[in-house]
Amino acid sequence: AMPVSSKTEGGFFQRYTVADFSELEQQIVTRSAALAAAQAQDDRAKQMRQAVELGNLLTTARREQEACEILGSAMILAREAGDPEPLGWLLLHLGTAHQYLGDRDRAQTLFAEAGQVATANDLQMLASYVLHHRGRCLAEERRLVEARHCFTQALALRQAQNDPRAESSQRALEALTALEP
């Protein structure tokens, strides 16, 4: 179970909060070392994967600026590599970091590109995450009709995959109802 706020908190709609920040910090240290090792080995595919994971962890730790720097650097590698799945996750995590820095326009642009990558390559799990994150960003912008559409699509994809995160999309739809006039 993921602890999330039930409504908009600090301007953020249902932002994920990790239960154990010390464990998260240890994961960041471990992932940072793995990224450094991949850089030392000049293993671009591994660098990209480690950067995507580290960027996600840093955003979860409320260290969005660091996440943007790492993910922004990895973007070049991701585009050169031509592998759509890591590129899609990178775009999603970079969009999320920008969202939490308050740059929702940039976040929406990145979410849109991540969604295009997911759709073009039939990456259903990525698509469900992109829709859910885009819905949260739209809810924060009070674009509630669009947010509901995103959460509804995310829920359908997650239910079709028997993904336990369907509950998260269902909770988001319920919380959205409370925000509506």
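Basis of the calculations
- Residues numbered from 1 in each chain as written.
- Predicted model: local features only at pLDDT ≥ 70, side-chain atom pairs only at ≥ 80, totals over all residues.
- Heavy atoms only, no water.
- Helix = DSSP H or I, 4+ residues; strand = E, 2+ residues; numbered from the N terminus.
- Rg over C-alpha atoms; globule rule 2.2 N^0.38 Å.
- Salt bridge = Lys/Arg side-chain N within 4 Å of Asp/Glu carboxyl O.
- Buried < 20%, exposed > 50% of the residue type's maximum accessible area, 1.4 Å probe, protein only.
- Polar contact = N/O pair within 3.5 Å; in protein donor to acceptor, adjacent residues only side chain to side chain.
- Contact = heavy atoms within 4.5 Å.
- Core = buried A, V, L, I, M, F, W, Y, C linked by side-chain atoms within 4.5 Å.
- Axes fitted to C-alpha atoms, helices over the stretch in contact; angles between N-to-C directions.
- Parallel < 35°, antiparallel > 145°, perpendicular 65-115°, else oblique.
- Left-handed = near helix turned anticlockwise from the far one by under 90°.
- Nonpolar A, V, L, I, M, F, W, Y, C, P; charged D, E, K, R; others polar.
- Expected span 1.5 Å × (residues − 1).

Draft legend 1. Seen up close, the overall build of the chain. Helix and strand counts for the chain come out as eight helices and two strands. If you list the helices and strands of the chain from N to C, you get β-β-α-α-α-α-α-α-α-α. In terms of overall size, the chain behaves like a compact globule, its C-alpha atoms giving a radius of gyration of 16 Å where 181 residues would be expected to give roughly 16 Å. The dimensions of the chain, computed from C-alpha atoms along their principal axes, are 55 × 35 × 30 Å.

Draft legend 2. Representation of the pattern of salt bridges within the structure. Applying the stated criterion across every chain, the model contains ten salt bridges. Two residues, Glu-113 and Arg-79, come together in a salt bridge whose shortest N-O distance is 2.7 Å. Highlighted residues: Glu-113 in helix H5 (residues 104–120) and Arg-79 in helix H3 (residues 64–81), separated in sequence by 34 residues. Using a relative accessible area of 23% as the deciding quantity, one classes Glu-113 as partly exposed. With a closest N to O distance of 3.5 Å, Arg-143 and Glu-141 form a salt bridge. By relative accessible area, which is 31% here, Arg-143 ends up partly exposed. Members of the salt-bridge network, linked through shared partners, are Glu-25, Arg-63 and Glu-66.

Draft legend 3. How the structure looks around the side chain of Arg-104. For Arg-104, the location among the structural elements is in helix H5. Separated by 2.9 Å, the side chains of Arg-104 and Glu-140 make a polar contact. Those residues in contact with Arg-104, other than ones at most four positions away along the chain, are Gly-11, Phe-12, His-98, Gln-99, Cys-137, Glu-140 and Glu-141.

Draft legend 4. View of the nonpolar core. Membership of the largest hydrophobic core comes to 53 residues, with the highest contact counts inside it found for Phe-13 and Leu-176. Where this core is concerned, the elements lending two or more residues are helix H1 (21–40), helix H2 (44–60), H3, helix H4 (84–100), H5, helix H6 (124–140), helix H7 (144–160) and helix H8 (166–179). Sort the elements by how many residues they give to this core and H6 lands first, with eight residues.

Draft legend 5. Geometry of the packing of H7 against H8. Orientation of H7 relative to H8, taken along the N-to-C sense of each, is 160°, at an axis distance of 8 Å. On the basis of the axis angle, H7 is roughly antiparallel to H8. The element H7 and its partner H8 pack so that their crossing is left-handed. From H7, Leu-144, Ala-147, Arg-148, Phe-151, Thr-152, Ala-154, Leu-155, Arg-158 and Gln-159 reach across to H8, where they touch Ala-166, Ser-168, Ser-169, Gln-170, Ala-172, Leu-173, Leu-176, Thr-177 and Leu-179. Its residues assigned to classes, the contact of H7 with H8 comprises ten nonpolar, six polar and two charged.

Draft legend 6. Layout of H4. Here H4 spans 24 Å end to end across 17 residues, near enough to the 24 Å set by a 1.5 Å rise per residue. In terms of burial, H4 is largely enclosed, as 15 of its 17 residues are buried. Note on H4: the residue one or two positions beyond its end, Gly-102, has a positive phi of about 90°.

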